[in-house]
Amino acid sequence: MVRRVLPILLLRLRTPLVALVAVYAVTILGFVLIPGENNAGEPWRMDFFHAFYFVSYMGSTIGFGEIPYPFTPAQRLWATVSIYATVFTWLYTIGSLLAHLQDPALRRLVQEGAFRRDVRRLGEPFYVVCGYGDTGSALVRGLDERGLQSVVVDIDGERRDELATDLLTRHVPGLAGDAADPRALEMAGLSAPQCQGVLAVTNDDRANLAVCVSARVLRSGLMTVGRAERGETEENMRSFGTDHVINPFETFADRFTTALRSPGMYLLYEWLATTDEGRLAEPVLPPAGTWVIAGYGRFGRAVARYLEFHGQPYRAIDPEPAPDEMAEVVDGRGTDAVALRAAGVESAVGVVAATDDDADNLSVIMTARELNPGLFTIARQTQRRNDDLFAAAELDMVMQPGTIMASRILSLVTTPLLTDFLRHARHQEADWANLLVSRIAGLLPEGEAPEVWGVRLDEYDAPAIIGWLGEGSEIPLGTLLRDPREASRGLWALPLLRQRADGSEELLPDLGTALVAGDRLLFAGRHGIRARQRWILDNRNVLAYLLRGRAMPESLLWRRLGSLFTGP
């Protein structure tokens, strides 16, 4: 930082610095040339050292008196001139320095230098989060709660400054810069070995696309996640291999119609993929029938496509319908009773307020309820600051793009197997989902959401298991679900998915399944069970107790002696 800022600062201060040097040189020379007298009344002249010493403390207004002898009138006259000259020159120089330090360009250089230093000091894995709006802030908080480090890049300096006031448990470096600029990503640590992924969640599709392209070019193989609200952007991101592309409108529309056809499957999604570790989500039961969609933009069209796919009729309202849609779309905003009546809200089963304005969406809901109090209500919320308003409106469902994005990305980062499980689950029947929901609910205290976690059977994540398997022993999956303190008791958890080393997957694997090195397992259960399971994964003695009913001696000698008396 000093190597970049100091040359620029010196260049900008060249005039006041030259003036300061010139004034000091002239005043010092004057004291050398003007004769004085010593204590004996003999002529005496200052040398350059004493002149420099006197001008130094005189110019800084410290003032130690006349040295080494009292001054003559001529010397005092020159000292008076020198005082005013040096003081005014110092004021000019300091004022220029303060003015340049307030310059936005120089301050940006200083902040960038501090940011680079903070990123270099990160010794743990981290994720680069591009965008610190509603989505980015929720994502950083979620990562922080899970003990994961992040680095933020946002084009808005005010949003970046919010990092300092957010209640995070760790320092999160933030850069006020354009994430679409590859140099910003490099400063954020894209090339650092600790960087685990780039999460592009700005509210600009073009910027997110540029971030994903830069990440793939500059560091191929790094995990990239991109937010795309337009279909063409989504297709573009997928075309060059972006790992995960999330469209919040399509995601919500899919979940909404999932609740319509299979409430149990929707509940399964909400329980397992939620970022809230508090209370369980309540069942949502949207009715079948005609729906009214107020706002036929990106979100409204996504809901309409999914309703049409599932055979549910709808009527849309939009203030600027396309010419080829005039017969299908009611011209209006949906905030007035006229447009809602024209769309048939009085006989509809539900209304979707899908505009990009929170106030308009709440107005649509309140007007629609006046006309039909029994409507199932869904509204889009674009600003988190309006949480209290939407909570007070008592809506059946709220579409928050930021929450949807953060929840999905956190699942990808912390439990990547959950995405695979949910992909398999969506192809199952409703009865299968209902049964699994009942099994999960039976494991949990009333109203508590489950914890979901993954385990990889390797030397790092499960050393005790790998050691045991390496000796030729067989370990059934059910061993990982027994209480390490009392083998006769089971843990309050169940396996959701087993992914073998060859990539094949088994949904809800049987507890008698033999574990194999390289397996990846997904579990769901009570909070705190994961910590107990870690004993089994890490400690050979605990594993021996669960498999054989006795602890294993620590040394090889005692293990061999023990086997002579008790058998293998």
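Residues numbered from 1 in each chain as written. Predicted model: local features only at pLDDT ≥ 70, side-chain atom pairs only at ≥ 80, totals over all residues. Heavy atoms only, no water.

Draft legend 1. Representation of the overall build of the chain within the structure. Tallying secondary structure elements over the chain gives 23 helices and 20 strands in all. Taking 24 Å as the expected radius of gyration for a compact globule of 568 residues, we find that the chain reaches 35 Å, considerably beyond that expectation. Once the C-alpha set of the chain is aligned to its principal axes, its extents read approximately 115 × 90 × 40 Å. Expressed as a percentage of the 568 residues in the chain, the buried residues total 47%. Taking as baseline every contact in the chain between residues at least 6 positions apart, the subset at least 24 positions apart corresponds to 65%. With an accessible surface of roughly 28,000 Å², the chain has 55% of that area assigned to carbon and sulfur atoms. Between the mean site of the 57 positive side-chain charges and the mean site of the 71 negative ones, the chain shows a separation of 7 Å. (Helix = DSSP H or I, 4+ residues; strand = E, 2+ residues; numbered from the N terminus. Rg over C-alpha atoms; globule rule 2.2 N^0.38 Å. Buried < 20%, exposed > 50% of the residue type's maximum accessible area, 1.4 Å probe, protein only. Contact = heavy atoms within 4.5 Å. Areas by Shrake-Rupley, 256 points an atom, 1.4 Å probe, with all protein chains shown as cover. Lys, Arg positive; Asp, Glu negative; His and termini not counted. Charge placed at Lys NZ, Arg CZ, Asp CG, Glu CD.)

Draft legend 2. Here's a closer look at the side chain of Asp358. Locating Asp358 in the fold gives a position in helix H15 (residues 358-371). Polar contacts involving the side chain of Asp358 include one to the side chain of Asn386, which spans 2.7 Å. Here Asp358 is in contact with Arg380, Gln381, Thr382, Gln383, Asn386 and Phe390, once residues within four sequence places are set aside. (Polar contact = N/O pair within 3.5 Å; in protein donor to acceptor, adjacent residues only side chain to side chain.)

Draft legend 3. Quick look at unusual backbone geometry. Following Ile67, the chain continues into Pro68 via a peptide bond in cis, with omega recorded as -10°. In this structure, Pro68 sits in the loop between helix H3 (48-59) and helix H4 (73-101). One non-glycine residue, Glu394, lies in the positive phi region at around 55°. Overall, the relative accessible area of 63% leaves Glu394 in the exposed class.

Draft legend 4. Geometry of the pairing of strand E13 (residues 376-380). Buried residues dominate E13, accounting for five of its five residues. Every second residue of E13 is oriented toward a common face, with Phe376, Ile378 and Arg380 on one face and Thr377 and Ala379 on the other, all of them buried. Taken together, strand E12 (residues 350-353), H15 and E13 form a β-α-β motif whose crossover is right-handed. (Right-handed = clockwise from strand over helix to strand, strands pointing away.)

Draft legend 5. Main features of the packing of aromatic side chains. As enumerated under the stated definition, the model contains 14 aromatic pairs in all. Both rings, one in Phe31 and one in Phe71, keep their centres 6.0 Å apart while their planes meet at 45°; by these two values the pair is tilted. Taken as a pair, Phe31 in helix H2 (residues 14-33) and Phe71 in the loop between H3 and H4 lie far apart in primary sequence, 40 residues in all. Judged by centre distance (5.8 Å) and plane angle (20°), the rings of Trp453 and Phe523 are stacked. (Phe/Tyr/Trp six-rings, centres within 6.5 Å; stacked < 30°, edge-to-face > 60°.)

Draft legend 6. Expanded view of the UniProt feature "domain: RCK N-terminal" (unreviewed entry) in the chain. The UniProt entry lists residues 124-246 under the feature "domain: RCK N-terminal" (unreviewed entry), expressed in the numbering used here. Secondary structure content for residues 124-246 is 37% helix and 23% strand, and the end C-alpha separation is 27 Å. (UniProt positions renumbered as here; feature names shortened; annotations may be inferred.)

Draft legend 7. Structural view of the sheet that holds strand E20 (residues 520-525). The strand order across the open sheet built from four strands is E15-E20-E18-E19, with neighbouring strands paired in antiparallel fashion. Looking at which strands have only one partner, the edges of the open sheet turn out to be strand E15 (451-456) and strand E19 (505-507). Recorded for the sheet is a direction-independent mean angle of 25° between the axes of neighbouring strands. Sitting on the sheet, helix H21 (residues 529-538) touches E15, strand E18 (493-499) and E20, and the angle it makes with E15 is about 15°. (Pairing = 2+ DSSP bridges. Axes fitted to C-alpha atoms, helices over the stretch in contact; angles between N-to-C directions.)

Draft legend 8. Up close: the packing of helix H11 (residues 248-261) against helix H13 (residues 298-309). The N-to-C vectors of H11 and H13 enclose an angle of 35°; their axes lie 9 Å apart at closest approach. The hand of the H11/H13 crossing is right-handed. Along the contact surface, H11 presents Phe249, Glu250, Phe252, Ala253, Asp254, Phe256, Thr257 and Leu260, while H13 presents Arg298, Phe299, Ala302, Val303, Arg305, Tyr306 and Leu307. Class assignment for the residues of the contact of H11 with H13 results in 10 nonpolar, one polar and four charged. (Left-handed = near helix turned anticlockwise from the far one by under 90°. Nonpolar A, V, L, I, M, F, W, Y, C, P; charged D, E, K, R; others polar.)

Draft legend 9. Representation of the pattern of salt bridges. Scanning the entire structure with this criterion turns up 31 salt bridges. One salt bridge connects Arg170 with Glu124, and the closest N-O pair in it is separated by 3.2 Å. One end of the pair, Arg170, is in the loop between helix H7 (157-161) and strand E5 (174-176); the other, Glu124, is in the loop between helix H5 (104-120) and strand E3 (126-130), with 46 residues separating them in the sequence. Since its relative accessible area comes to 24%, Arg170 is described here as partly exposed. (Salt bridge = Lys/Arg side-chain N within 4 Å of Asp/Glu carboxyl O.)

Draft legend 10. Looking closely at the sheet that holds strand E9 (residues 291-294). Read across the sheet, six strands follow the order E11-E10-E9-E12-E13-E14 without closing on themselves; strand pairing throughout is parallel. One side of each edge strand has no neighbouring strand; the edge strands of this open sheet are strand E11 (329-331) and strand E14 (397-399). Strand after strand, the sheet turns through a mean of 20° between neighbouring axes, direction not considered. Sheet topology note: the E12/E13 ladder contains four bridges and is parallel. By the bridge assignment for E13, Val351 is matched with Thr377. The strands that H11 touches are E9, E13 and E14; relative to E14, the one it contacts most, it runs at about 165°.

Draft legend 11. Highlighting the nonpolar core. Residues Phe126, Val128 and Val198 are the most contacted members of the largest nonpolar core, which totals 27 residues. Those elements that provide at least two residues to this core are H5, E3, strand E4 (149-154), helix H8 (182-187), strand E6 (195-200) and helix H9 (205-218). Per-element accounting of this core gives the leading share, four residues, to H9. Ignoring any residue separated from it by four or fewer positions in sequence, one finds Phe126 in contact with Val119, Gln149, Ser150, Val151, Ala188, Gly189, Ala192, Gln194, Cys195, Gln196 and Gly197. With 26 residues, the next largest nonpolar core counts Trp453, Ile536, Val542 and Ala544 among its residues. (Core = buried A, V, L, I, M, F, W, Y, C linked by side-chain atoms within 4.5 Å.)

Draft legend 12. Structural context of the UniProt feature "transmembrane region" (unreviewed entry) in the chain. The UniProt entry lists residues 17-36, 48-71 and 77-99 under the feature "transmembrane region" (unreviewed entry), expressed in the numbering used here. Along residues 17-36, the helical share is 85% and the strand share 5%, with 30 Å between the first and last C-alpha atoms. Note that residues 48-71 is 50% helix and 0% strand, and that its end C-alpha atoms are spaced 16 Å apart.

Draft legend 13. Structural context of H13. The first and last C-alpha atoms of H13 sit 17 Å apart over 12 residues, in line with the 16 Å expected at 1.5 Å per residue. All of the buried residues in H13 are Phe299, Gly300, Ala302, Val303, Ala304 and Leu307. Lining the buried residues of H13 we find H11, E9, strand E10 (314-318), E12, E13 and E14. (Expected span 1.5 Å × (residues − 1).)

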